Amino acid sequence: MQKQLQLMLVLLLWSFVANAQTSASLSGRISDGNGYLPGVNVYVVETSHGAPTDLSGKFDISNLPVGKVSLRISYLGYETRTQEVDLVSGKNSLGNIVLAEAAGDLEEYVMNGTMIPSQMKAISIKRNSMAIMDVIAADAIGKLPDRNAAEAVQRLPGASVNRYHGEANQVSVRGTPYSWASTLYNGTRLPSANVFGNRNSLLDAIPAEMIQYVQLSKAITPDMEGDAIGGSVNFVTRTAPEDRTLNVSLAGGYGEKSQKGSYNASLVYGDRLLDGKLGFVVSASIWNRNFASDEIALDYNLTKVNPAERYSINTMNAKRYFGRRTTSAINAAVEYEFSPSNKVFARLVRDRFDDVRPVYETYYEFNRNRYRYSNRESEYKTNLKGFELGGNHSVATNFKIDWKVSSYDMFYRLDTPPNMPSDQKGLPIAQFYQNLAGDFGGRSSDGLIYNTFDAPDGRGIAPLNFDPQLTNENDFLDPSRLSLQQLIIYQIDQRDRDNVGQMDFTWDKDSKLTLKAGGKFRFKKNEGMNTPQVFLPNAALGIPNSAPLRFLSEFDRMDFPVASTYFSELNGQFDGLAINPMTQNQVFEIFSPEFFAANDINDYSPASNATTKFNGTEDVYAGYLMGIYDINAKLKVIGGFRNEYTKIEMNSSVYDVANQEVNPITKDHSYNAFLPMLHFKYSLAENKNLRLAYTRTFARANFADLSPSENIDVTGGVPRVTRGNTFLLPTFSNNFDIMGEWFLQDVGLVTAGVFYKDIDNFIFRDLSTETIDGTGYLVSQPKNLESAYLLGFEMGITKRFSSLPGFWSGFGVDLNYTLIHSELEVPRLSENGDPIAMDITSLPNQSRNLFNASVFYEKNGLMLRLAGNYRGPSVETINQNLGPDYYIHVGKNFTVDFSAAYSISERIKVFAEVRNLTNEPYVQYLGENKNRITSSEWYATNGQAGLRYVIF
């Protein structure tokens with residue numbers, strides 16, 4: 001066997017060498033004098049053989065005859081260029097080729113720096129891609145009011161985002177769950193560290209200025225990572241420019257609800273040295289913004305035994321977030337070309353997102369007939385750091401080797417309170433209680449409080465127009481009667497580290513067939529904790545001779561921040577809750593060993609806390625083989641397979657209640673994913689493509705979901721249990737796509753297509769109820785369901801009305817719409833685990849309707865754009881045993897943004913942008929009634945204005 005393998009290798013090597021001796025290859029790089037151009041069509045007339053330029057503007061064409069040939073170079077918006085080339089045997093390089101802008105209608109757009117140059121690049125990459133793909137170029141990102149990576153992606157067809165306190169932070173593709181979109185950084189999946197312990201990369205930590213291209217692949221090819229049921233979002237960072245470049249951007253802004261300012265600055269510097277062989281670029285940015293949002297949150301009594309009482313309200317919470325967010329990042333890249341055939345590169349990223357988020361919240365605890373008031377001082381820190389080293393090598397005229405090694409580390413942690421020991425840091429929450437002498441009004445005949453429409457006798461409350469109807473007029477929220485009863489430190493640190501190595505081989509067998517093969521190995525380490533530390537005053541427990549309880553009025557306090565905007569959307573219903581909170585220094589002083597000792601406060605954390613911590617490893621061994629075959633000049637076939645083997649080890653602890661012991665536990669898990677794929681790309685005409693694709697993809701379970709641990713939390717109104725599930729299987733999907741593309745001459749585009757996903761082993765987070773030692777708990781645990789499917793239609797139009805006369809020729813529209821239907825079978829079980837019903841629902845996070853719409857004007861250096869983004873309602877959380885009447889839904893959301901820019905000269909541009917003009921709240925609700933809210937949050941309008949200066 002060994003001799004046979006050696007013989008095969010010798011024959012393969014001989015074929016490469018023999019081919020190299022009798023044929024020629026041609027390479028070069030194409031620019032417009034300002035930067036390299038991707039997606040340029042380079043075509044050898046005599047052979048009908050060619051290749052598009054890659055993202056760095058480079059092309060390579062192999063298997064060419066020796067002698068004179070004619071090279072044809074075409075690119076939308078530029079003059080088509082034809083030149084004669086005399087090829088010699090072996091490698092031939094044309095160096096840098098500069099295209100001239102086409103004379104005519106597009107010239108003024110290209111020259112005046114509108115959106116057109118960026119859209120030319122994006123459309124050209126899309127047209128020449130093997131996968132079904134949408135693209136945004138860096139200068140387009142800069143012309144939209146998008147400050148982070150997620151907000152840039154939401155402009156693409158089929159993409160929607162989750163908003164967290166007003167900023168987009170997660171991306172859903174074609175209505176699939178957020179974790180089904182594979183987030184890549186230069187082709188390698190990003191690690192993920194966040195409060196939820198899932199695989200979703202939180203993109204609010206990545207500033208848009210660091211990105212050169214965003215590629216959204218909806219039907220992947222075998223050379224892409226396979227855990228991408230929804231799609232693959234690849235953020236391509238900046239690379240070395242063609243010539244020396246230095247540009248800066250400065251902006252200042254204002255938030256309507258916080259009534260505070262913000263600032264944003266970025267710098268990009270790059271150059272080429274040593275006769276162009278050494279290139280580098282450094283980009284840096286900082287974005288500091290103050291923010292505020294107001295939220296109403298309701299907890300329902302889902303653990304009630306009597307079903308008629310489950311819609312009754314346990315607590316209603318009105319809270320204000322008022323903080324500051326700072327995103328700072330630096331990205332550097334360097335490359336060295338030994339020759340046109342051999343290049344090595346290195347990239348470095350350091351990204352820090354500091355989220356200082358004080359929260360002032362008041363609870364109406366209806367079941368306990370009291371107020372609860374909380375002061376939170378949260379300072380969340382998210383850091384991403386990493387590097388890549390790689391190379392591209394043409395070892396023969398028709399054979400290339402690409403390699404890359406990378407290491408990325410992301411962590412999410414809290415370093416507060418500063419006075420506590422290092423092993424007791426996290427999110428500090430000081431809780432005060434005030435018992436009522438009387439009662440809250442609005443109680444129904446059964447003594448519980450409902451929304452009016454749920455109340456058995458019609459007597460209830462309206463949360464968005466709330467009146468507590470106090471039976472004792474002196475029971476108003478009073479700092480002198482709010483006693484400190486509980487101090488909590490939530491430890492929610494997460495860390496995810498990836499070391500990755502990969503190698504890809506490309507063999508152009510002849511002018512029709514190209515073969516690619518490669519492997520990628522990822523070694524992940526993940527660790528996390530979600531641990532509630534609980535500290536109680538002895539006096540609150542009735543222990544004799546304890547230090548007296550302390551009251552909120554005794555502590556240092558400050559004015560309530562911008563009380564005039566507190567729930568301003570609701571006309572003052574909660575004004576009485578805007579009491580002056582403690583200062584940050586005072587909160588930190590309370591959380592100290594000295595304060596605990598002086599006030600007889602002791603640690604009463606659950607003995608099971610050790611089970612809330614976990615760590616694990618995940619080793620992935622992936623390989624692929626694919627072929628690209630030109631059946632004729634119009635039809636191209638891309639086929640092959642990818643195989644990914646995953647091995648997981650999870651470590652945590654279990655708590656033995658009988659013996660009150662904590663014991664370590666380790667669980668191993670492994671599985672294989674075989675992923676065949678087949679694409680057809682048919683060119684109906686030079687400007688029309690028809691694509692068909694079958695792909696098999698999968699989604700891995702979240703690390704936290706695989707943990708064999710259990711977290712018990714009794715600090716809130718409803719006792720909760722969060723469990724992992726070591727038996728989770730990965731979700732698989734067979735995907736079918738048909739897509740048509742029509743590229744318009746005025747840098748426009750029309751697309752339309754349908755897609756279908758047949759899904760197995762769907763992972764969802766189930767909510768159920770359980771009685772433990774006589775107490776009802778709301779239990780959250782991930783589970784697998786057998787099958788689901790998703791069927792959708794999407795279309796997009798980008799059209800300029802350049803044929804209209806004069807002023808009107810600057811108008812245009814950019815529209816895309818996605819319609820999705822999905823079905824998921826959820827078996828409803830009895831208390832004994834027996835099936836009693838089969839519920840049909842849509843996939844979580846999947847909206848039936850998604851659309852982006854913008855109207856723009858671009859002419860004579862002026863750009864105006866009004867953009868709307870709509871996401872329809874969706875199911876957020878499934879309650880398997882209680883059924884669809886208790887699912888949590890997310891309401892529709894429509895945001896409108898405005899941006900404007902004016903080019904004073906070729907180097908200086910001023911801009912302004914206003915976000916969230918509609919100020920529509922982000923709403924979640926229980927069951928089908930949209931008025932039975934579980935959460936409603938308002939962010940208000942914000943914006944900024946600034947200047948961009950291209951120094952050289």
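Just above, that's the structure.
Residues numbered from 1 in each chain as written. Predicted model: local features only at pLDDT ≥ 70, side-chain atom pairs only at ≥ 80, totals over all residues. Heavy atoms only, no water.

Engineer: Would you mind going over the overall build of the protein with me for this structure?
Structural biologist: Helices and strands together make up the secondary structure of the protein, namely eight helices and 47 strands. Since a compact globule built from 952 residues should have a radius of gyration of about 30 Å, the 30 Å found for the protein is in line with a globular shape. The C-alpha extent of the protein, read off along each of the three principal axes, is 100 × 70 × 50 Å. Considering the protein as a whole, with its 952 residues, one finds that 59% of them fall into the buried category. Restricting the contact set of the protein to residue pairs at least 6 apart, pairs at least 24 apart contribute 70%. Roughly 36600 Å² of accessible area belongs to the protein as shown, and the carbon and sulfur atoms make up 55% of that amount. Put simply, the protein has 90 plus and 105 minus side-chain charges, and the middle of one group is 5 Å from the middle of the other. (Helix = DSSP H or I, 4+ residues; strand = E, 2+ residues; numbered from the N terminus. Rg over C-alpha atoms; globule rule 2.2 N^0.38 Å. Buried < 20%, exposed > 50% of the residue type's maximum accessible area, 1.4 Å probe, protein only. Contact = heavy atoms within 4.5 Å. Areas by Shrake-Rupley, 256 points an atom, 1.4 Å probe, with all protein chains shown as cover. Lys, Arg positive; Asp, Glu negative; His and termini not counted. Charge placed at Lys NZ, Arg CZ, Asp CG, Glu CD.)

Engineer: I keep staring at the nonpolar core and nothing clicks. Help me out?
Structural biologist: What tends to happen in soluble globular proteins is that the nonpolar side chains get buried as a cluster. One finds I296, Y364, F366, F432, F574 and F591 to be the most contacted residues of the largest nonpolar core, which totals 58 residues. Setting aside anything within four residues of it in sequence, one finds F432 in contact with Y371, R372, Y373, L482, S483, L484, Q485, F551, L552, F555 and M582. Residues I136, I206, L216 and Y380 belong to the second largest nonpolar core, which totals 33 residues. (Core = buried A, V, L, I, M, F, W, Y, C linked by side-chain atoms within 4.5 Å.)

Engineer: Would you mind showing me how to read the sheet that holds strand β4 (residues 58–64) here?
Structural biologist: Two pairing modes exist for strands in a sheet, parallel and antiparallel, and in both the strands are linked by backbone hydrogen bonds. The strand order β4-β1-β7 describes an open sheet built from three strands, whose pairing is mixed. Here the strands that pair on one side only, and so sit at the sheet edges, are β4 and β7 (90–98). Looking at each pair of strands side by side, their axes are set apart by 15° on average, direction ignored. Bridge analysis of strand β1 (residues 24–31) against β4 gives five bridges, and the strand direction is antiparallel. Bridge pairing links G28 to F59 in β4. (Pairing = 2+ DSSP bridges. Axes fitted to C-alpha atoms, helices over the stretch in contact; angles between N-to-C directions.)

Engineer: What is the right way to read the side chain of S27 from this model?
Structural biologist: Note that S27 resides in strand β1. The exposure class assigned to S27 is buried, which follows from its relative accessible area of 6%. Excluding residues that lie within four positions of it along the chain, S27 makes contacts with F59, D60, N92, S93, L94, G95 and P340.

Engineer: Which parts of the structure should I look at to understand the sheet that holds strand β6 (residues 81–87)?
Structural biologist: Overall, antiparallel pairing links the four strands, which are arranged β3-β2-β5-β6 in an open sheet. Strands with a single pairing partner mark the edges of an open sheet, and in this sheet they are β3 (49–52) and β6. Between one strand and the next, the sheet's axes are offset by a mean angle of 20°, whatever the strand orientation. Here strand β2 (residues 41–44) runs beside strand β5 (residues 67–74); their pairing, made up of four bridges, is antiparallel. Following the sheet pairing, N41 is matched in β5 by S74.

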